[in-house]
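What follows is the residue order along each chain.
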Amino acid sequence: MIHSLFLVNATGDIFLEKHWKSAVSRSVCDYFFEAQERATEPENVPPVIPTPHHYLISVFRHRIFFVAVIQSEVPPLFVIEFLHRVVDTFQDYFGVCTEAAIKDNVVVVYELLEEMLDNGFPLATESNILKELIKPPTILRTVVNTITGSTNVGEQLPTGQLSVVPWRRTGVKYTNNEAYFDVVEEIDAIIDKSGSTVTAEIQGVIDACVKLTGMPDLTLSFMNPRLLDDVSFHPCVRFKRWEAERILSFIPPDGNFRLLSYHVSSQNLVAIPVYVKHNITFREGSSQGRFDLTLGPKQTMGKVVESVLVSSRLPRVVLNANLSPSQGTYTFDPVTKLLTWDVGKINPQKLPSLKGSMSLQAGASKPDENPTINIQFKIPQMAVSGLKVNRLDMYGEKYKPFKGIKYMTMAGKFQVRT
Amino acid sequence: MLESSKESLKLEAMKRVVGLIAKGKNASELFPAVVKNVANKNLELKKLVYVYLVRYAEEQQDLALLSISTFQRALKDPNQLIRASALRVLSSIRVPIIVPIMMLAIKEAASDLSPYVRKTAAHAIQKLYSLDADQKDHLIEVIEKLLKDKSTLVAGSVVMAFEEVCPDRIDLIHRNYRKLCNLLMDVEEWGQVVIISMLTRYARTQFISPWKEDGVFENSEKAFYESDEEKRKSAEETKPYAMDPDHRLLLRSTKPLLQSRNTAVVMSVAQLYWHLAPKHEVNIITKSLVRLLRSHREVQYIVLQNIATMSIQRKGMFEPFMKSFYVRSTDATHIKTLKLEILTNLANEANISTVLREFQTYVKSQDKAFAAATIQAIGRCATNISEITDTCLNGLVLLLSNRDETVVAESVVVIRKLLQTQPSEHSDIIKHMAKLFDNITVPMARASILWLIGEYCEHVPKIAPDVLRKMAKTFHNEEDIVKLQTVSLAAKLYLTNSKQTKLLTQYILNLGKYDQNYDIRDRTRFIRQLIVPSERGGALSKYARRILLAPKPAPVLQSAFKDRDRFQLGTLSHTLNSKATGYLELSDWPPMAPDQSVRNVEVAEAMKEWSPAVGKAKSSKSDDKFYSDSGEEEDEQAADSGSDEEGGSEGSTRTPVCKLVSVCDRVCVCVCQQLSSPVFVPVHTYELLHRMTGKGLAAQYHFSRQPCIYDDRMISVQLTFSNNGDHTLENIHISEKTSAGQNIHCFSPIECLEPEKSVTVSMGVDFNDSTQAASFQLCTKAEGFNVSIQPAVGELLLPVTMSEQDFSKEQGKLQGMNESSATIAMTPESITSQPLHRKVVNMANVGVVPSGQNNVHRFAAKLVSSGALVLVCVVQKDSGAQLTVNTEKTIIGSMLLRELQTVLSQGS
């Protein structure tokens, strides 16, 4: 399975290596660097690269390449999924997953990698279990450790590893028992020139933060479970019960976790909460272009559209942009040609707009494509699919927990073609 | 610092050493100093030393041997974590001398009590195999043993070892097949992936094809478009296909995993369905695969590749989701190209206009490589769907005036391919291209135009010589490929229109003769001999026209994924489109189904599996003895005893005699945890509410004999409401629980019940192991009725499986007060054992314990609420039987005895 792992930073230096079987020379990464050079953007590096004796499978996240070395046939998704799990774990442990953070905690990283894989086969990837084996570094613990000489390494096998509920540790105690659920929906959409929707779909997740004492057994029911026809669950959810009654019944892991994610496909109609009026023109011959953009809300059910951010990569011939926003600020990077406009809230009475002119390279012909506009926004207290949680019940424990639920709609990959 | 006496200093030093290893620097000269610390008690230090050892032991084999004894000692540690990690390191240090030690350790660990250690043993098998392949036979024995393991923790790892060591020993799987299928849901996610791919291979060799006829799968497109009637007809013609129940079991048990959050699991289920399921069932994977497209970039890449392969064979699967494959400007280039590939595969007469409109946007993309790929895609659509060829051609011709070279070049190439299919109608396009020729600089495009003009020079007799004249002028500046095509053009023109072009051709051939490139020189020489009549070459030149102007078949534009279906989906080989090392071919379906019975596991067989458990207990006993002998370890053992679940119960009992008892004790507890599924019995229904009293609402209940989903201590009760009145009843619910001390989990309220309809709900009641009735108020919107559920004593139990040995052991402990017995007279017809079993099981929810003697029948169960064991034993004699009930709860015991007495003494 996974033979070795190399961590490569953006400048192409290997700053960490780990071998699970006999050591593989660093030179195997040369093939990777070759591919990296060939690809102009780091995103374009192919995830699977064959070399004469090995196969390299890489994942690019947080500006770091995680390159796994494989020697024989293995499902590539298996490796990719595992690498992503490694990144998630690092992020969980160190807060951020940067080169600096990894270098500072190289020992913990090594201990983690040692626990996560044995002979190249995943051993423990559940964050609850790992945290019992190796305690995450905090300032307080470092201080305590230096004084008392105790260690970061758990002395026993985590209870979860053996039980039927491996995701939850036993003996959890809280003074405040609380369970919070966030329903977050992202709209992926492509809007065409005339403003009609080419494709739109909703990706939703329910993230939970559960801090409950003991072994609570929760059930979560929905007002309209029929919306959820394409879902993936955390392993804690009892699938049979969902199939039969459309109720989520589960013993939750301790802390933060993703309970389920769902997908409302493009076949259903999706209400697009913002519209864009745009007029971007380049005239043949002259070195000027006009830029005019107005945003407005629609079908938001009275909710406010917040943290709106518009970005667009202008054609290469644009030298500079001289624009004036009616609200918010804008920046234009003449090197990457990236225009970003931080709009903030959309006020339906006074629609935000960005107007002005672009100066083009002298003598260059007019670009044949208008730029695509990417939009980000947030709408709190609304789930655009209409999903509503009915109630949350707890069994198995005697106390009364605090319960809370929050809805939020966000833009995912929201593009407007112009 | 490593030599220091202070532990904190050592730790600090070790951390730095690990830092060095991580950076890839050589730290091997520190080996002796590090090895000394291997026996250190500090767990963190120990782990770091292990990391170091595993990295460098291979290079310093002699010194590494010093550490072996420490591991051997740690292998006997009562703490399972230490045992496991010692085995892990021991098996990872790759020193050939210790192979026998490793083998021994693996064998021992494979029968360890802790599943975690057994899992580590499964991993160690692969390591040892890669170190010394000669051990294969011994390792297979261990694998065989571990395959029988019931723990979900072990299953994944051992199948992994199986795949690595002996993937061809399919016979080892037979007996474990059903178990693996049933366990699959609970195995950790990485294990699921491995097991599913193994089972896919297994199923391909063991079951017959669910695809109706051979070859239908290959033209499944046709099959898809076939009307239903035709399908039915073909089904009638062939012998009706009945799926092997085991095959069905595999499909059924993997289906829920499509909902997994792990993309690798979803993908492996998808490939399983693709390769194994009947065709009409494959469609269920579509939605899940499309969902994966939202995941990370790399995941998208792999999933799209697999979808591309699937979409060639079965368009219908992904057609409804076409919009999910629309390209976004932010996608990476390789993702864009894959999406394009899929869109092209999905295009058909119905949706082509939308696809083309989408393609138009892509052509304008700033990513020129992608734009070029789009043009090729348009070309493919145009050849596949003849209705739109003209539209596509016109669109492509428009693109010729594009400013970007790559776009123009690509369009020319595609146009050339399209024109080859129907040249005569498009002479104006050729003319147009000839006009554009001066502006095009990309060699491939120029060459294509030259070839087109040459090939169809008869359609454009006026322009062709003119183009040749231009080429003659610029010949020496052209790229090689253009030069070659110029020579061909000249030759073709010479043959068709020698009057105008004779001199030009001579000139070009002369230029070519002295070219730097030998290909061009060769070609020129060859052409000259062929077309210019001379004395010697006369024979060939007669045929020159036929050689050069032979009609050429149109190129077939097809998907790059056409041939990928030879690989199993989701594999590395499929991604790379070449065979990866260690790739195992998916075999074809067998023509005849192999024997199904090999998968049968007889009950006796299942029981035999308990004997290893007893064996294990014995072996761990000897482990303990080892410790009590070596006195120095005892302190540590005592320290660990509280922490380690299994070591704990052993460590606290000191004398060997007691130990045996306690170990057996624990084995029995383990046994009791094994709830067996209830035996099927006819349902006894009791009335809860009569329709007269309930004013139209009638309610009945029965005990479903399933473990309750709400709480382990509850008994699940199925309530059936039926509305016998003439108006709709609304909001049926339980309002208040009148009886005290009983915990009731209500069913969710029924909103409304139409007349003549009935509905079944389930609720859970904790009876606290008493037969006291649970009373509550059943309410409708209008009224409330007081009702109560009276449990029969037999329903307070849950069946338990255990072996005969365990049964007698447990029985031995429940003597005296806890035993109640009676003699009963039996009618002769009820003497044969089957009715007796049936009667007992009908009355009480107990599990049958297999018995060696014909006249002794044993049954075991536990009380739902308290979990106390209830053991029933019936010994048949000539005309009567001795009935014994052993349980801690004496009241229940005597009640059960009384009921059994009445049931058994009745005739059958």
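Structure: above.
As the structure is a computational prediction, the values presented were derived from the model and not from experiment.

Considerations on the sheet that holds strand β17 (residues 318-325) of chain A
Residue and element names in this part refer to chain A. Taking strand neighbours across the sheet as the criterion, the four strands line up as β14-β15-β20-β17 in an open arrangement whose pairing is antiparallel. Either end of the sheet is taken by a strand with one partner, and the two such strands are β14 (274-282) and β17. Adjacent strand axes in the sheet meet at a mean angle of 15° when their direction is disregarded. Two strands pair when backbone bridges link them, and β17 and strand β20 (residues 353-360) are joined in this way by seven bridges, in the antiparallel orientation. In the sheet register, Asn 322 faces β20, and the bridge partner there is Ser 357.

Topic: the sheet that holds strand β19 (residues 338-344) of chain A
Residues and elements named next belong to chain A. One open sheet holds the nine strands; their spatial order is β11-β13-β9-β8-β23-β21-β16-β19-β18, and the pairing between them is mixed. This sheet does not close on itself; its edge strands, each paired only once, are β11 (231-233) and β18 (329-333). Pairs of neighbouring strands in the sheet enclose a mean axial angle of 15°, with direction left out of account. Pairing of strand β16 (residues 306-313) with β19, which is carried by six bridges, proceeds in the antiparallel orientation. Within β19, the position partnered with Val 310 by the bridge is Trp 341.

Considering the state of the cysteines
Throughout the structure, instances matching the rule amount to zero disulfides over all chains. A disulfide-free cysteine, Cys381(B) has its sulfur positioned 6.7 Å from the sulfur of Cys392(B), the nearest such atom.

Topic: the interface of chain B and chain A
Chain B puts 97 residues into the contact, and the matching count from chain A is 100 residues. For the pairing of chain B and chain A, the buried interface totals around 8700 Å² over both sides, and the portion due to carbon and sulfur atoms is 55%. Looking only at chain B, the three residues that lose the most surface to chain A are Trp190(B), Arg294(B) and Arg328(B), adding up to 10% of its buried area. Between the two partners, chain B and chain A, sit 10 salt bridges. As a salt-bridge pair, Asp118(A) and Arg88(B) come within 3.7 Å of each other at their nearest N and O atoms. Where chain B meets chain A, there are 31 residue pairs in polar contact (both at pLDDT 80 or more). Considering only residue class, the side of chain B that touches chain A consists of 35 nonpolar, 35 polar and 27 charged.

Structural notes on the packing of helix α1 (residues 7-23) of chain B against helix α3 (residues 43-56) of chain B
Residue and element names in this part refer to chain B. Interhelical geometry of α1 versus α3 gives an angle of 35° and a closest axis separation of 10 Å. In the packing of α1 onto α3, the handedness of the crossing is left-handed. Side by side, α1 and α3 meet where Lys 10, Leu 11, Met 14, Lys 15, Val 17, Val 18 and Ile 21 of the first sit next to Glu 44, Leu 45, Leu 48, Val 49, Tyr 52, Arg 55 and Tyr 56 of the second. When the residues that make up the contact of α1 with α3 are grouped by side-chain class, the tally is 10 nonpolar, no polar and four charged.

Description of the nonpolar core
By size, the foremost hydrophobic cluster in this structure holds 254 residues, and its most contacted members are Phe90(A), Leu289(B) and Phe359(B). Once residues lying within four places of it in the same chain are set aside, the contact partners of Leu289(B) are Met267(B), Ala270(B), Val303(B), Ile307(B), Met310(B) and Phe318(B). Core analysis: the second largest hydrophobic core is formed by 69 residues, Ala208(A), Leu293(A), Ile373(A) and Val416(A) among them.

Some thoughts on empty space enclosed by the protein
Here the structure, examined in full by the defined rule, presents nine cavities of 30 Å³ or more. Roughly 200 Å³ of internal volume is contained in the largest cavity. Forming the boundary of the largest cavity are 15 residues, of which Glu115(A), Lys47(B), Tyr50(B), Ser85(B) and Arg88(B) lie nearest the centre. For the lining of the largest cavity, the elements supplying multiple residues, two or more each, are α4 (106-116) of chain A together with α3 and α6 (80-92) of chain B. Taken together, the residues that form the lining of the largest cavity break down as nine nonpolar, one polar and five charged. There is about 140 Å³ of room inside the second largest cavity. Surrounding the second largest cavity, 15 residues form its lining, Glu201(A), Leu293(B), Ser324(B), Arg328(B) and Lys339(B) being those nearest its centre.

Regarding the pattern of salt bridges
All names here are of chain A. This model, assessed by the stated rule, comprises 39 salt bridges over all chains. Here Arg 241 ties to Glu 245 by a salt bridge, and the two come within 2.9 Å at their closest N and O atoms. One end of the pair is Arg 241 and the other is Glu 245, both in helix α8 (residues 239-245) and four residues apart, which spans about a single turn. Classification of Arg 241 by relative accessible area gives buried; the value is 10%.

Side note on the packing of aromatic side chains
By the definition in use, this model includes 20 aromatic pairs over all chains. Through successive ring pairs, a cluster of aromatic residues spans Phe32(A), Phe33(A), Phe60(A) and Phe65(A). Here the basic side chain of Lys388(A) rests over the ring of Tyr407(A), its NZ or CZ set 5.7 Å away from the ring centre. Stacked on the ring of Phe475(B), the Lys or Arg Lys483(B) has its end atom at 5.9 Å from the ring centre.

Considerations on the pairing of strand β5 (residues 64-70) of chain A
All names here are of chain A. Among the seven residues in β5, seven count as buried, and that is most of the element. Neither face of β5 is exposed, since Ile 64, Phe 66, Ala 68 and Ile 70 on one face and Phe 65, Val 67 and Val 69 on the opposite face are all buried. Note that strand β1 (residues 2-8) and β5 share six bridges and pair antiparallel. Bridge assignment links Ser 4 to a residue of β5, and that residue is Val 69. Pairing between strand β4 (residues 55-61) and β5: seven bridges, direction antiparallel. Residue Ile 57 lies in a different strand from β5, and its bridge partner there is Ala 68. Between the end of β4 and the start of β5, which pair antiparallel, lie two residues, with His 62 showing a positive phi angle near 50°.

Definitions and cut-offs
- Residues numbered from 1 in each chain as written.
- Chains lettered and ligands numbered in written order.
- Predicted model: local features only at pLDDT ≥ 70, side-chain atom pairs only at ≥ 80, totals over all residues.
- Heavy atoms only, no water.
- Pairing = 2+ DSSP bridges.
- Helix = DSSP H or I, 4+ residues; strand = E, 2+ residues; numbered from the N terminus.
- Axes fitted to C-alpha atoms, helices over the stretch in contact; angles between N-to-C directions.
- Disulfide = S-S within 2.5 Å.
- Contact = heavy atoms within 4.5 Å.
- Buried area = accessible area lost by both parts, 1.4 Å probe.
- Salt bridge = Lys/Arg side-chain N within 4 Å of Asp/Glu carboxyl O.
- Polar contact = N/O pair within 3.5 Å; in protein donor to acceptor, adjacent residues only side chain to side chain.
- Nonpolar A, V, L, I, M, F, W, Y, C, P; charged D, E, K, R; others polar.
- Left-handed = near helix turned anticlockwise from the far one by under 90°.
- Core = buried A, V, L, I, M, F, W, Y, C linked by side-chain atoms within 4.5 Å.
- Buried < 20%, exposed > 50% of the residue type's maximum accessible area, 1.4 Å probe, protein only.
- 1 Å grid on protein atoms, 1.4 Å probe; cavity = no way out; pocket = protein on both sides within 12 Å on 5 of 7 lines; lining within 4 Å.
- Points joined across faces, edges and corners; volume = space filled by probe spheres on them.
- Phe/Tyr/Trp six-rings, centres within 6.5 Å; stacked < 30°, edge-to-face > 60°.
- Lys NZ or Arg CZ within 6 Å of the ring centre and 35° of its normal.

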